[in-house]
Structure formats: structure tokens, C-alpha cells
Amino acid sequence: MHDIRAIRENPEAFDRDLERRGLAPLSAELIALDDARKGAVSAAQAAQERRNALSKEIGAAKKAKDEVLATELMAEVARLKEEAPALEAAQTEAARILDERLAAIPNRPKEDVPPGADEHGNVEYRRFDASRERLAQGRQHFELGEAIGLMDFEAAAKLSGSRFVVLKGQLARLERALGQFMLDLHTGEHGYTEVVPPVLVRDEAMFGTAQLPKFRDDQFAAGDGFWLIPTAEVPLTNLVRENILAEDELPLRFTALTPCFRAEAGAAGRDTRGMLRQHQFNKVELVSITTPEKSAEEHERMLACAEAVLKKLDLTYRVMTLCTGDMGFASQKTYDIEVWVPGQQTYREISSCSVCGDFQARRMNARYRAKEGRAVNFVHTLNGSGVAVGRALIAVMENYQNPDGSVTIPSVLQPYMGGLNRIEGPNT
């Protein structure tokens, strides 16, 4: 959500930011809608002020025993009273139209976000090379998983259709181990508070983090006004909705391991084999709530926390700064972490860390009271994957695969696997 006052104060800057997003100028349209809203408000206020003034005039007329004037004035009051619902409705409708238009406009990019139309404009920020020798090529995760009988897409298709998987035995345990390892890391070393949130949320929560209304087709509706969460960002960020926090409470840092659900409406024909793009997957989410002055620093911190997962797993990865044309709707700036997957001989996204400024906070009415001056301002929100569990499983399988088709378990995960150091087949 955007501040219409800020747009009025500097419409040229707003339009420049939209242009960087590949959008046409909108400030003139938005200011005109706000003028219409203000006009409706003024008309309703003027009518109310006239009614108040008439009440005094009626009293004076009756005191002067001028019944003719009093009757005329009372008739005008009755007419104004009759018109009041229409004036209020016009005021509400004008505000609704403006709010809906503002809600459909993506966040303004930070100045240091690189320009670009799509992923080809992304810029490498840094990279990490694993201490182990990097595999230049190898079998893909689904080839490995199916060969050892622990990854079953056919059974999943019978249950649910395409873009689902059934994991069994030690592969199921390995995915669980990855999630537990990440939670322990983020809570024990990075200071995040673990949360077990609902995975069903209402419209207001999805609007707050900007999944609704624009991305309705990407979501799974669960009936009775509920939505399945596409990411734990939704419930974790909305924990502060409609609150006024004390500045001393900030930053708040939350983490959760949840199933996530995405319709993948725009992904027809993409990544149809394997686990890269599923309707249901597990993810460890990181969310921070902080002050405007600290949000850039918190963004770098969150990125480092997500990177720590891959460093401890000893996986090669690179960090990309997304360009203006590739970053998400609610983001001011986004870093993607892309892990090396030898089966595809490329890097694939495993985490996305974004700073949203006050964009989501305005949609949620989430604020804080400053220590100095006691002013009430909107918080800044950040979110990131810490990391996607299924994609981490893919990366471990492909990078730790052996010539005989077995998979070595990274040392940091072995305590979570009961000491097991290798997955060889369905009977292990």
C-alpha cells in the first residue's frame, strides 16, 4: 500500500519508481481519485455543518416565535438528513476506489536495486564455494530417489495429481532432519523465536502480506473464507497486524517450519519432473519486524542467516540481487540465494530474502511508538526463506550423490539421522 500524501508531495519520484518497475505513470490518476475522495468528504462535512448551523437557527426562530421560518428551516434539515446516506455512501465508495487502486500497485524499489526487465538483469552479489569438490554433473534428485525406491511420484499422482511427491524411509527422515536442523540453527544461533502458526488464514491476513487481491489465482482457497498459506510469511508477519508496538520491542524475529501451498498457476510446463516446483512443500521461514532506520541492516543480517544454512551443509551457492523487473510485488529489494545442482548443471533458487519497507505494514496497520518524541510510525517488515526444505533436500541429494547411487549425509545432519551417514536404499 502506498501513502497518497507522499505521492502528492512528489509525484515525479513516484512515477520514476513505477517506470523502473516497467509501469506507466500513475500519480495523476491517483491524485485525481484522491481529489474525488476529498470532494466527497467535503460534501458530507459541509452537509453536517449546515445541519448543525440550522439546529441553532431553528432554536433562535422558535425563541423569536417565528414559526414560518422555523418550519422552513426544519424542512431543510429533513432534506439534508435524507441526503446524508447518499453522501456517506459516495464518501465510502470514493475511498474504496482509491484504496483498491493503491493496493494493486507494487512496492517502490530501493535506489540501489539494479535495473532490468527479467531475471537476465539480476546481478551477482557474492558466492560461496563448498570445501568439497563440486560435482560438475550428476543424476537429478528424482532419478536418485526413484532408483533407491524412496521417492514416489506415481503414488502421489494417484493421491493428488501432478506436482506432489511421496517420500519414504530415510529420505523422509532426511527432509525432516533438514527442517529441524534449520530451526535449531535459527533459534539457537540467530535469535529467532520459533512459532507454530495456523496454516489456514483469512482474507485480511493474505491482503496484509499482498497475496490478495492481485495473486488470488496463485493461492489455494480452503472454503469458509480460509486460504492455505503459500508461505509462513503470511501468519508470521500478520502477528503484528493492527498493533502499536513499543520501539524497545523491536526488532521482532520469528521463524516457523510449515507446509506451504501454491497453485503454480503460471508454471505450466516448467519443472514438471521432480520436486523443484510442487503444490505442497515444507519451508523454514524467517520474518523480521523492525524500525525504518534498521531495516537495511536487518536485510543483510537475514541474508547471512539464510546463507549460514548452506554453509553448514557445505553447498556451493551464489547470492543474486534481483533487478527491478524480477523482484516480488511487495519487495523494495530482494536477494535470491541460488544453490548449485549438478543434475541440472546450474544454480537454482533455494531462498529469497526481501525487505518490504512499510508496504505490508500499511496494509496491516502495524505501527510502533518511537522512544523519542513518542510519534507513531509504521514498522518495516522483512521476510526470507531460511530455507526451502524440499529444495535443500534436492541440493543435498545431488551434491552428495555417489557413483553407486547412494547419498552421503552431510555431517551436520547426521545427529538428526540417528548417526546414519549414508542412504543406500529402501531397507536402510
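This text goes with the structure placed above it.
Residues numbered from 1 in each chain as written. Predicted model: local features only at pLDDT ≥ 70, side-chain atom pairs only at ≥ 80, totals over all residues. Heavy atoms only, no water.

Remarks on the overall build of the protein
And then number 1: Counting secondary structure elements, the protein contains 12 helices and 18 strands.
And then number 2: Relative to the 2.2 N^0.38 estimate, which gives 22 Å for 428 residues, the radius of gyration of the protein is 28 Å and therefore markedly larger than a compact globule would have.
And then number 3: In the protein, which comprises 428 residues, the proportion classed as buried is 49%.
And then number 4: Taking the intrachain contacts of the protein between residues at least 6 apart in sequence as the baseline, contacts between residues at least 24 apart amount to 72%.
And then number 5: In the structure as shown, the protein presents an accessible area of about 20100 Å², 49% of it carried by carbon and sulfur atoms.
And then number 6: Averaging the positions of the 54 positive and the 64 negative side-chain charges in the protein gives two centres separated by 2 Å. (Helix = DSSP H or I, 4+ residues; strand = E, 2+ residues; numbered from the N terminus. Rg over C-alpha atoms; globule rule 2.2 N^0.38 Å. Buried < 20%, exposed > 50% of the residue type's maximum accessible area, 1.4 Å probe, protein only. Contact = heavy atoms within 4.5 Å. Areas by Shrake-Rupley, 256 points an atom, 1.4 Å probe, with all protein chains shown as cover. Lys, Arg positive; Asp, Glu negative; His and termini not counted. Charge placed at Lys NZ, Arg CZ, Asp CG, Glu CD.)

What about the state of the cysteines?
And then number 1: Within the structure shown, the criterion is met by 0 disulfides.
And then number 2: Of all cysteine sulfurs, the one in cysteine 353 lies closest to cysteine 305, which takes part in no disulfide; the gap is 8.7 Å.
And then number 3: Cysteine 356 supplies the cysteine sulfur nearest to cysteine 323, a cysteine that is in no disulfide, at a spacing of 17 Å.
And then number 4: Judged by its relative accessible area of 0%, cysteine 323 is buried. (Disulfide = S-S within 2.5 Å.)

What about the nonpolar core?
And then number 1: Grouped together as the largest cluster of nonpolar side chains are 53 residues, with contacts concentrated most on Leu171, Leu174, Leu178 and Met182.
And then number 2: For this core, the element with the highest residue contribution is helix α7 (residues 169-188), accounting for 8 residues.
And then number 3: For leucine 178, the contacting residues outside a window of four places in its chain are Leu313, Val389, Ala392, Leu393, Val396 and Leu413.
And then number 4: Val195, Val240, Leu250 and Ile289 belong to the second-largest nonpolar core, a separate cluster that totals 17 residues. (Core = buried A, V, L, I, M, F, W, Y, C linked by side-chain atoms within 4.5 Å.)

What to know about the packing of aromatic side chains
And then number 1: Counted according to the given criterion, the structure contains 6 aromatic pairs.
And then number 2: Ring centres 6.4 Å apart and planes at 70° place the aromatic pair phenylalanine 181 and tyrosine 416 in the edge-to-face group. With a gap of 235 residues between them, phenylalanine 181 in helix α7 and tyrosine 416 in the loop between β17 (407-408) and β18 (422-423) connect regions that are remote in the sequence.
And then number 3: Since its relative accessible area comes to 26%, tyrosine 416 is described here as partly exposed.
And then number 4: Taken together, a centroid distance of 5.8 Å and an interplanar angle of 75° make the contact between phenylalanine 329 and phenylalanine 359 edge-to-face. With a gap of 30 residues between them, phenylalanine 329 in the loop between β11 (317-321) and β12 (333-341) and phenylalanine 359 in helix α11 (residues 359-364) connect regions that are remote in the sequence. Taken as a pair, phenylalanine 329 and phenylalanine 359 share a single burial class, namely buried. (Phe/Tyr/Trp six-rings, centres within 6.5 Å; stacked < 30°, edge-to-face > 60°.)

Quick word on the environment of threonine 316
And then number 1: Examined against the element boundaries, threonine 316 turns out to sit in the loop between α10 (295-312) and β11.
And then number 2: C-alpha separation for the pair threonine 316 and valine 341, spaced 25 residues apart in sequence, amounts to 8.8 Å.
And then number 3: Contacts of threonine 316, omitting those with residues within four sequence positions, involve Phe128, Asp129, Ala130, Arg134, Glu338, Val339, Trp340 and Tyr347.
And then number 4: A polar side-chain atom of threonine 316 sits 3.0 Å from the main-chain amide nitrogen of alanine 130. (Polar contact = N/O pair within 3.5 Å; in protein donor to acceptor, adjacent residues only side chain to side chain.)

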